[in-house]
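# Residue-level structure breakdown
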Amino acid sequence: MSNRNYLNANYNVWSWFFTTDHKRVAILYLISITVFFLVGGAAAVLFRLELMTPEGDLVLPETYNRLFTLHGIVMIFFFLIPAVPAVFGNFLLPMMIGARDLAFPKLNLASWYLYSLSGLFGVWVILTGGVDTGWTFYTPYSTTYGNTSVLSAAIAAFIAGFSSILTALNFLVTTHTMRAPGMTWFRLPLFVWAHYAMSLVVLLGTPVLAIAIALVGIERAFHVGIFDPKLGGDPLLFQHLFWFYSHPAVYIMVLPAMGVISELITCFARKKIFGYTFIAFSSLAIAVLGFLVWGHHMFVSGQSMYAGFVFSFLSMLVAVPSAVKVFNWTATLYKGSVIWNTPMLYALGFIGLFTMGGLTGLFLATLGVDVHVHDTYFVVAHFHYIMVGGSLMAYLGALHFWWPKMTGRLYPEGWGRISAILIFFGFNLTFFPQFVLGYLGMPRRYHVYPEEWQILNVMSSAGASILGVGYLLPLGYLVWSLRYGRRSGKNPWRASGLEWEAESPPITHNFHKTPIVTGDVYDYDPTEPVELETEKHPEKVTVQ
Amino acid sequence: MDSTFQLFPESASQIADRVDALYLFLVAVALFFTFLICVLILYFGVKYRRGSLAERGNPPRSNLLELAWAVVPFLLSMVMFVWGADVFYDIKTPPADALQIDVVGKQWMWKVHHPGGQSEINQLHVPLGRPVRLRMVSEDVIHSFYIPAFRVKQDVLPGYYTQMWFQPDRAGTYHLFCAEYCGTEHAQMIGSVIVLEQDAFADWLSGETGDPPEVAGARLFERHRCGSCHKAQGGSGPSLAGVFGRRVPLKSGESIVADEQYLRSSILNPQQHIVAGFQPLMPSYQGQLNESDVLKIIAYMKTLEGNASASGEDTGDGNDQPPETEN
Ligand SMILES: [Cu+2]
Ligand SMILES: [Cu+2]
């Protein structure tokens, strides 16, 4: 390519390690996140194999416990929390608002270093130190009985949290101060709104995680009774602090994903989004309500019955803004011009799976039922519908949608669809049986189980292998496309949004001159015929 | 415990059917909305696929519609909330006449103590049709006592008594699990709950041996020389006659009702509450008395009458105390 862009601006390795370009930082994140995803996935492969039989015959119990701990900590703190915001938020947020970079580019790079180092440290500590507390680090098991590595692993999780604080701060300031002329708040893409709401949650929630971890450290070091009842502490205090952060963390993982879905649906339904303001404000509503519901993880913990009533009620309320979004996305299809390509398959898959995840969340918020299904596979299934069916599907949709923008290449559409469909079916086969297992009473974190549950577990493991193939395919063909993929023009999807006015890949400063926004957001017209670049015959393609 | 393929758990307690009814209601709501969304997506997606002849356009927004789909989920979720809270209230509220059994969790086993002194490990025998209240505590980390067939579960905490109750309504043997992750052998912290007809249960009880807890408690009280300080008068510790349920003035100026929780912490964490007018001389028995022992001593202390002459002095013979049945 003759044009200078952010990728070929400088080939020196140090130009990557010292880059302050938000797009390059996003690529760094993309690479590290993929590595952590593979680590977390490998752990899942091993324990799904173990669960093929009711006996504990493949790995030792302590190995099993370390595997699910590794899987949980890596997937949550080092994959899902940073996935959409750190890769796509970083890359796109400045472009979507017409800015040259984020407000604090150096801070942005620093956050990647914090994240990567804490991630490597975390994985190393878990593997060598044998951390087996689960990602929830419940006291007093983690404080009194776990070994010292537990604290190191928790610190790694916290540093990763600190890195997301820096990212969040960057997003908030950038959105406030760096919008292009004419980019009013209600012309912001919903992706930006979602990241704005997420950033608020990160800033308010993460410090509480820090406090909890600091207290664990103080208790271990100085034997002050905080959580350990033997020292006069309160074992439930930790759970309150932990969930005060970790419930909102669910929204840290989901809100950006919702932002992605709003972009994909409008583009491939060729329509204005239905209920823009409702969607924008429901993100904020979710962010606020998300802080008031942590006690729904503690209905059988010994917390008072009346606290249970309050938390159940508030948790029900969160369902409303989520439902509003689902209906709005669905209604956006009405009278549109729907294109069933890979990103859209992921987006539609997201809506279906997220709906199921949300509805089963209501089961857990319903007190009388939660007593039975709490800490069973029902919960495991529920949050995988939200985290994998929701956030991960959105992440993959985003990866395909913005791939041409990030790399200047088109991915092979046929392979894209095959993997999207495999993932959808593999996912359901993996996790749907777990709802049934949960209601039957199979507790989570069990490496042996009664034999009458084997069939359902084998189904789940079989689904996981399909899912595994589904995830490896994009890894293969996306890397392939970097070299062999067809070149993409500025706007391969004929999408609206400022990022599509930049070159593919964009130049270092994003735009040749600062864009001026005059029109409305999502300016799609379903009656207008459209041809996507992925659909053109190779001969006809001309690089724009 | 039927070892064939299952889709729905067996139910064996008074609350199980009510939990299932609520669950099925939720399943119905979930299926309805999942199908609604999936059908709409497929219908719109096919009907309005690019190139089809359907009429297209950007319809004007409808506030009414948007309000409707905020209000309907809200109302439905309130039904779930109220119904769920109602069932929960009953799960949490044991009847006064329940049979009380003690459960002590420890890595990785369950110890069960019946009021008649019978003990078992990883098994819980209960009578059919009679409410049973479990008073539970852990020796180490948090565990959770879970009987899927009864649809009940309660975390078992170190340092705090928690309780749960159920009324078995079908004889049989059911799974007992630890549901809160508690370390290496968490998945082996399992056992069974055996529901026996009332007669069979009485037979079972009489076939087991063991001293009633208050008798065993009296022995422990003597062995650990509690009576050397706790005398009727003039001891370095307060008289324990009638201590259970009494309002105790504390050095800090507050006062506290001496319930089981308080008595437990007086023995294992004496520094936590110092009784007004006394020195903090009482040694902690942590490490010397386990949770089962403490439960027994509490049972014994409950038998010490306040008004009678009985006091900490004649600890030698627990048998002359009127054995109190706990329910
Ligand atoms: Cu939560
Ligand atoms: Cu356990």
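Starting from 1, residues in each chain are numbered consecutively following that chain's sequence as written. Naming scheme: in the order in which they are written, chains are lettered from A and ligands are numbered from 1. Local features in this predicted model are restricted to residues of pLDDT 70 or higher, and side-chain atom pairs are both shown and tallied only at a pLDDT of 80 or more, whereas totals for entire chains, interfaces and linings draw on every residue. For side-chain calculations, the full set of non-hydrogen atoms in the structure is used, while hydrogens and water are omitted.

## Focus: the pattern of salt bridges
By convention in these notes, a salt bridge is any Lys or Arg side-chain nitrogen within 4 Å of a carboxyl oxygen on Asp or Glu. The tally for this structure, following the rule as stated, stands at 16 salt bridges over all chains. A salt bridge links Lys23(A) to Asp21(A); its shortest N-O distance comes to 3.0 Å. No difference in accessibility class separates Lys23(A) from Asp21(A), as the two residues are buried. A salt bridge links Asp90(B) to Arg18(B); its shortest N-O distance comes to 2.6 Å. Taken as a pair, Asp90(B) in helix H2 (residues 63-92) and Arg18(B) in helix H1 (residues 16-47) lie far apart in primary sequence, 72 residues in all. Each residue gets one of three labels from its accessible area relative to the maximum for its type: buried under 20%, exposed over 50%, partly exposed in between, using a 1.4 Å probe on protein chains only. Note on conventions: DSSP H or I runs of at least 4 residues are helices, E runs of at least 2 residues are strands, and numbering of each starts at the N terminus.

## Comments concerning the packing of helix H10 (residues 305-333) of chain A against H1(B)
To get an axis, fit a line to the C-alpha atoms, keeping to the stretch in contact for a helix; angles then go from 0 to 180 degrees between the N-to-C directions. Orientation of H10(A) relative to H1(B), taken along the N-to-C sense of each, is 25 degrees, at an axis distance of 8 Å. Comparing their axes, H1(B) and H10(A) come out roughly parallel. Between H10(A) and H1(B) the crossing geometry is left-handed. For the pair H10(A) and H1(B), the contacting residues are Val326(A), Phe327(A), Thr330(A) and Leu333(A) in the first and Phe33(B), Leu36(B), Ile37(B), Leu40(B), Ile41(B) and Phe44(B) in the second. Our angle categories are set so that under 35 degrees counts as roughly parallel, over 145 as roughly antiparallel, 65 to 115 as roughly perpendicular, and the remainder as oblique. Each helix crossing is assigned a hand: it is left-handed if the near helix lies turned anticlockwise from the far helix by less than a right angle, otherwise right-handed if that turn is clockwise. The criterion used for residue contact is that any of the two residues' heavy atoms lie within 4.5 Å.

## Concerning the domain arrangement of chain B
All names here are of chain B. Domain annotation for chain B reports domain 1 (1-47 + 94-210) and domain 2 (213-301). Averaged C-alpha coordinates put domain 1 and domain 2 at centres separated by 33 Å. Counting residues at the interface gives 16 residues for domain 1 and 10 residues for domain 2. Note: buried area is the sum, over both parts, of the accessible area (probe 1.4 Å) each one loses when the two are combined. Between domain 1 and domain 2 the total buried area reaches about 1,100 Å² when both faces are included, carbon and sulfur atoms providing 50% of it. Ranking the residues of domain 1 by area buried against domain 2 places Arg135, Glu139 and Tyr161 at the top, with a combined share of 47%. Our count for the domain 1 to domain 2 interface comes out at one salt bridge. Linking Glu260 and Arg135 is a salt bridge whose minimum nitrogen-to-oxygen distance equals 2.4 Å. Identification of polar contacts relies on pairs of N or O atoms within 3.5 Å, with a donor-acceptor requirement for protein atoms, meaning one able to donate a hydrogen and the other able to accept it, and with residues adjacent in sequence counted only if both atoms are side-chain atoms. For the pair domain 1 and domain 2, the interface holds six residue pairs in polar contact (both at pLDDT 80 or more). Amino acids outside the nonpolar list (Ala, Val, Leu, Ile, Met, Phe, Trp, Tyr, Cys, Pro) and the charged list (Asp, Glu, Lys, Arg) are all regarded as polar, and Gly is one of them. Classifying every residue of the side of domain 1 that touches domain 2 gives five nonpolar, seven polar and four charged. The split of the chain into domains comes from an automatic or database domain assignment.

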